[in-house]
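# Observations on chain architecture
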Amino acid sequence: MTAMGISIFDLFSIGIGPSSSHTLGPMRAANAFNALLRADNQLDAVTIVTVELYGSLALTGKGHGTDKAIILGLLGYEADSIDPSIIADALDKINKNHSIQLAGEHTIAFEPDRHLIYYSHQTLPQHTNGLRFTAWSHEDCLRSETYFSVGGGFIVHETDFNCPGEHRPHPYPFDTAAELFDHCQNQNSSIADIMMANEYAWRPENEVREGVLRIKNMMLESIQTGLHTEGTLPGGLNVERRAPTLYARLLKNDPGKNKAVHVFTWLNAYAMAVNEENAAGNRIVTAPTNGAAGIVPAVMQYLCDTCPDISDDILLQYLLTAAAIASLYKKKASISGAEMGCQGEVGVACSMAAGALAAVSGGNLRQVENAAEIGMEHHLGLTCDPIAGLVQIPCIERNGIAAVQAVNAANLALAEERCCKIRLDNIIATMRATGEAMSTSFKETSLDGLAKYSGLSPDPLSVNVPEC
Ligand code: SF4
């Protein structure tokens, strides 16, 4: 079997908001371009870099932060290590000086209005999120590279677009839930064990464990930061952060976190806290995308609340199981809102959290499968139509609702012993078919649905393309 190996670190990556397709992917592409220039000793010869943006990346434009992400990437900043508090100053300096330090080491002229070129009415044939970097030495083109930001922060160079993906040797390859469950049965192992065994083929054991713990800590930290940060989110919609208010009310009414009547509100507050951090451009973990980043952490925090003595090992199992489920969607459908609508982002995150919660709650394989299936089944057809192209309305609230649904899906699956009528592989195929049949206006343009009829979009023709 030669299944593509997707690591937990591909699916859960530490980055900044608001969009994995429109922030994280373009930033990674800029760094990848710098790396090629450096590898071929071309950096010093560069006098100008132009970046052409196509399709939804062009439509997103300045309002969605793609321009800033590209500039930060050209400067050599990486999404997982940049300090969000330096971003405003770094960008200010470029606007004043009309120059950048390419890859942090070579000064070239750069004016965002001239050197970032938006082709709003053109889409490259391979994918809606295309961007081309060209390095010039005066009039001569030194090199030109085209990348696609395909969801969840993943980027693909144009020469690799039709390749099935990087083949990393690993002991338990799987593309489908059926193959994954076969490994579990044959090895008498859990989904998390299988995922971990594959990770160990790619990295030393201590590195895997430390890396997953770092993800866990970052997820829980982003909840705390969001719960304690008040204010208005950027972008012009004047959306107030709601998580701190919910949190203050919960502290008053349920300080011990033990009243069943408040469970949903805690979940809402946790998920919304993360997504408000994302909308503010702060640090979060993609899970599996930025726009859906609140669901997996919220359910993990719920686990910590309900089992105060929970060990890191259990939380690692939770994250590994969630990642295994996400990898099935990535391989057989897509986790990109541009391709699948919101079912591919919030729906997938709900499925991940539901299956993972069932697994660490003692569910057998069928119950885990059933939980993941239920988590997606009731998101089928969910459109992506955020107002003004900002990852705020309905995205933030939608994460809270989906976190509650994930817990509900796990509870329902755990309450029954019966085999699920619909298998996880079938629901993934259904999601893909539904996404492919969905009108483009509901999955990448903000020109329809809530964005069109809410009465809140500032100018229906100038909205940004949503993607997270
Ligand atoms: S509505 Fe669109 S932008 Fe918002 S979370 Fe869903 S996929 Fe992301």
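Criteria and thresholds
Residues numbered from 1 in each chain as written. Predicted model: local features only at pLDDT ≥ 70, side-chain atom pairs only at ≥ 80, totals over all residues. Core = buried A, V, L, I, M, F, W, Y, C linked by C-beta atoms within 7 Å. Buried ≥ 20, exposed ≤ 12 C-beta atoms within 10 Å, placed from the backbone. Contact = placed C-beta atoms within 7 Å. Pairing = 2+ DSSP bridges. Helix = DSSP H or I, 4+ residues; strand = E, 2+ residues; numbered from the N terminus. Axes fitted to C-alpha atoms, helices over the stretch in contact; angles between N-to-C directions. Domains from an automatic or database assignment. Nonpolar A, V, L, I, M, F, W, Y, C, P; charged D, E, K, R; others polar. Parallel < 35°, antiparallel > 145°, perpendicular 65-115°, else oblique. Left-handed = near helix turned anticlockwise from the far one by under 90°.

The next point concerns the nonpolar core. In this structure, I295, A353, A403 and A406 are the most contacted members of the largest nonpolar core, which totals 103 residues. If we ignore the near neighbours within four places in the chain, the residues touching A353 are I295, V296, V299, A322, G375, A403 and A406. Counting 36 residues, the second-largest nonpolar core is a separate cluster that includes M27, I71, L72 and F148.

Pairing within the open sheet is mixed, and its five strands lie in the order β5-β2-β6-β7-β8. The sheet terminates laterally at β5 (116–119) and β8 (155–157), the two strands that pair on one side only. For this sheet, the mean angle separating the axes of adjacent strands, direction not counted, is 25 degrees. Sitting on the sheet, helix α2 (residues 20–39) is in contact with β6 (130–137), β7 (140–149) and β8, with an inclination near 145 degrees to β7.

Below, the discussion takes up the domain arrangement of the chain. Many descriptions give the size of an interface as the accessible area lost when the pieces come together. For the chain, the assigned domains read domain 1 (20–160) and domain 2 (177–453). For domain 1 versus domain 2, the separation of C-alpha centres amounts to 30 Å. Secondary-structure elements contributing two or more residues to the side of domain 1 that touches domain 2 are α2 and α3 (55–60). With four residues, α2 is the single largest residue contributor to the side of domain 1 that touches domain 2. Considered class by class, the residues forming the side of domain 1 that touches domain 2 number three nonpolar, 13 polar and no charged.

Helix α17 (residues 395–414) packs onto helix α11 (residues 263–279) with a crossing angle of 140 degrees between their chain directions and a minimal axis gap of 8 Å. Classified by the interaxial angle, the pair formed by α11 and α17 is oblique. Here α11 runs over α17; the crossing is right-handed. On α17, the residues that touch F264, L267, N268, Y270, A271, M272, N275, E276 and A279 of α11 are C395, I396, E397, N399, G400, A403, V404 and V407. Among the residues making up the contact of α11 with α17, the classes are represented as eleven nonpolar, four polar and two charged.

Burial of strand β2 (residues 48–54) is extensive: five of the seven residues sit out of reach of the surface. Here six bridges tie β2 to β6, and the two strands are oriented antiparallel to one another. Residue V49 lies in a different strand from β6, and its bridge partner there is A135. For β2 and β5, the ladder comprises four bridges, and the chain directions are parallel. Across the sheet, Y54 pairs through a bridge with Y119, a residue of β5.

On to unusual backbone geometry, then. In this structure, the amide linkage connecting A287 to the following residue, P288, adopts the cis form with an omega of 0 degrees. Going from I393 to P394, the amide bond is cis rather than trans, its omega being 10 degrees. In this structure, P394 sits in the loop between α16 (365–377) and α17. Of note in this structure, N41 is not a glycine but carries a positive phi near 55 degrees. In this structure, N41 sits in the loop between α2 and β2. Within the chain, A388 stands out as a residue other than glycine whose phi angle is a positive 60 degrees.

With that settled, the discussion passes to the packing of helix α13 (residues 312–332) against helix α15 (residues 346–360). In the contact formed by α13 and α15, the axes pass within 8 Å of each other and the chain directions differ by 140 degrees. Our classification of the angle between α13 and α15 gives oblique. Here the hand of the crossing between α13 and α15 comes out right-handed. Across the interface between the two elements, I314, Q317, Y318, T321, A322, I325, A326 and Y329 of α13 pack against V348, S351, M352, A353, G355, A356, A359 and V360 of α15. Residue classes in the contact of α13 with α15 are distributed as twelve nonpolar, four polar and no charged.

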